[in-house]
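Overview (structure and organization)
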Amino acid sequence: QIPSYFLPGIKHTCSNIVMIGDHHQLPPVMIANNFKGIPADCFSIFKNSQRNLPMLETQYRMNETIQGWSSEKYYDGKLRAHHSNAKRDIFSGLNSESFGKNIIQYDDNIHGANNIAKQVVSYAQEAHVSGGIGWDKIGIISPHRIHASSINKAIQENLGVEVNNLIQAD
């Protein structure tokens, strides 16, 4: 998360620098807009100048279905779910037939975002009505801001402002 324009100062004050991180996770808080052609963060500068950097290939937070998208998109398919959670059924506590059976296909254009938003709203509504889950217990995670924005708009249009204020979609 360290902006690239901090690097000269860091190099001047440190004799050794150890960088551990993932440039695909959180970008720097302050982005260097004036440095054309230079990555925004120090980690990316280091990564781009090295070959054969080690990568931790096992994650412990998500089942393999959820982590599959980020593995393909950002990690060349190398990221894997640990066996302890790879097959975890995140829908097992719901009393609904549709959860875990329907997969929303990724689409990165605005029309796709609107279609995804409609599907997500119907799933949220089903979780609330059939599954008995309170609106304030529903969280929606989207890989792209354009999708999250479309989802929030669809929730507000279909379920109302009050429900939109209770559901977390980001």
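So, a few notes on the structure that sits alongside this text. Computed from a prediction, not measured in an experiment: that's the story for all the values here. (Residues numbered from 1 in each chain as written. Predicted model: local features only at pLDDT ≥ 70, side-chain atom pairs only at ≥ 80, totals over all residues. Heavy atoms only, no water.)

Within the secondary structure, D22 is located in the loop between α1 (7-13) and α2 (42-49). With 25 residues separating them in the primary sequence, D22 and K47 have C-alpha atoms 9.8 Å apart. Dropping the residues within four chain positions of it, D22 is found in contact with F43 and Y75. (Helix = DSSP H or I, 4+ residues; strand = E, 2+ residues; numbered from the N terminus. Contact = heavy atoms within 4.5 Å.)

Let's shift gears to the side chain of N63. Summarising the element assignment, N63 is placed in the loop between β1 (58-59) and α3 (64-74). Note on N63: relative accessible area 6%, which makes it buried. In terms of polar contacts, N63 uses its side chain to reach the backbone amide nitrogen of T65, at 3.1 Å. (Buried < 20%, exposed > 50% of the residue type's maximum accessible area, 1.4 Å probe, protein only. Polar contact = N/O pair within 3.5 Å; in protein donor to acceptor, adjacent residues only side chain to side chain.)

Looking now at unusual backbone geometry. Of note in the backbone geometry, D76 takes a positive phi value of approximately 55 degrees without being a glycine. Tracing the chain through its elements places D76 in the loop between α3 and β2 (80-81).

With that settled, consider the pattern of salt bridges. Tallying each qualifying case throughout the model produces 2 salt bridges. A salt bridge links E64 to K87; the nearest nitrogen and oxygen atoms lie 2.3 Å apart. With a gap of 23 residues between them, E64 in helix α3 and K87 in the loop between β2 and α4 (110-129) connect regions that are remote in the sequence. Looking at E64, the relative accessible area reads 33%, which means it is partly exposed. Owing to a relative accessible area of 66%, K87 belongs among the exposed residues under this scheme. (Salt bridge = Lys/Arg side-chain N within 4 Å of Asp/Glu carboxyl O.)

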